[in-house]
Amino acid sequence: RTRFEQLRLRFAGQAEAPTVPIRDWTGTHPGRAQRVSDIDQPMLWVIAILTMVVGAVLAIAQSDVKRMLAYSSVAHTGFLLTGVLGVQSASELAEGQVTSLQAVLFYLATYGVVTIGVFALLAAARSDRPVTTDADLTGLSQSHPAIATLLAICLFSLIGLPPTPEEVDAFL
């Protein structure tokens, strides 16, 4: 069949979805726990590195707070992808070691809580007008010291400074 016929059948619902060649990495349960094939893995590493670098560079260049957080999220996606690419079976680890899946799930949980916290604190920071630029945060420590302190802790966590939860993720 030609590519056009495959697409036509696919959109008509008469063909199966194309499969991506992946292999079983445990060797015991084919089709259960799988990882990306060795052919696709270098490409995904490049994507992970590019998302980390481009997201961080573009986040630094922003003056709009929400846009900065959006580009920061792109960089954090690269960090998550490195955890996914480093998948190991539990049998490959010593007793008490953390699997990459556990580390990724911990990272997702802490990142989600911290990001929700940042947006909630930005909303609470200025009830009279929304915070759009970094200049809108000027004087926040004098007007709302508790919000400013919590926002600083959340932002330090997003950049991975110790002893915040995101810094713990770096060691997992």
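Up top you'll find the structure we're talking about.
Asker: Break down a nonpolar patch on the surface for me, with residues and values.
Answerer: Side chains of V46, I49, L50, V53, V54, V57 and L58 sit close together on the surface and give an oily, nonpolar patch of about 580 Å² of accessible area. A relative accessible area of 47% means that V46 is categorised as partly exposed.

Asker: So, the nonpolar core: which residues are in play, and what are the values?
Answerer: Membership of the largest hydrophobic core comes to 15 residues, with the highest contact counts inside it found for L69, V118, L122, L140, L151 and L158. Where this core is concerned, the elements lending two or more residues are α3 (65-85), α4 (100-125) and α6 (145-159). The element that contributes the greatest number of residues to this core is α4, accounting for 6 residues.

Asker: An account of the side chain of T115 is needed here, citing residue identities and associated values.
Answerer: Positionally, T115 belongs in helix α4. In this structure the side chain of T115 is engaged in a polar contact, spanning 2.8 Å, whose partner is the backbone oxygen of Y111.

Asker: Explain the packing of helix α2 (residues 41-60) against α3 residue by residue, including any values.
Answerer: Running from N to C, α2 and α3 cross one another at 155°; their axes reach a closest spacing of 7 Å. With respect to α3, the element α2 is oriented roughly antiparallel. With respect to the hand of their crossing, α2 and α3 are arranged in left-handed fashion. Judged by residue contacts, Q41, L44, W45, I47, A48, T51, M52, G55, A56, L58 and A59 of α2 engage M68, Y71, S72, V74, A75, T77, G78, F79, L81, T82 and L85 from α3. When its residues are assigned to classes, the contact of α2 with α3 shows 15 nonpolar, 7 polar and no charged.

Reading the values: the criteria
- Residues numbered from 1 in each chain as written.
- Predicted model: local features only at pLDDT ≥ 70, side-chain atom pairs only at ≥ 80, totals over all residues.
- Heavy atoms only, no water.
- Patch = residues over 30% accessible without salt bridge, like charges linked within 9 Å, V, L, I, M, F, W, Y side chains within 5 Å.
- Areas by Shrake-Rupley, 256 points an atom, 1.4 Å probe, with all protein chains shown as cover.
- Salt bridge = Lys/Arg side-chain N within 4 Å of Asp/Glu carboxyl O.
- Buried < 20%, exposed > 50% of the residue type's maximum accessible area, 1.4 Å probe, protein only.
- Core = buried A, V, L, I, M, F, W, Y, C linked by side-chain atoms within 4.5 Å.
- Helix = DSSP H or I, 4+ residues; strand = E, 2+ residues; numbered from the N terminus.
- Polar contact = N/O pair within 3.5 Å; in protein donor to acceptor, adjacent residues only side chain to side chain.
- Axes fitted to C-alpha atoms, helices over the stretch in contact; angles between N-to-C directions.
- Parallel < 35°, antiparallel > 145°, perpendicular 65-115°, else oblique.
- Left-handed = near helix turned anticlockwise from the far one by under 90°.
- Contact = heavy atoms within 4.5 Å.
- Nonpolar A, V, L, I, M, F, W, Y, C, P; charged D, E, K, R; others polar.

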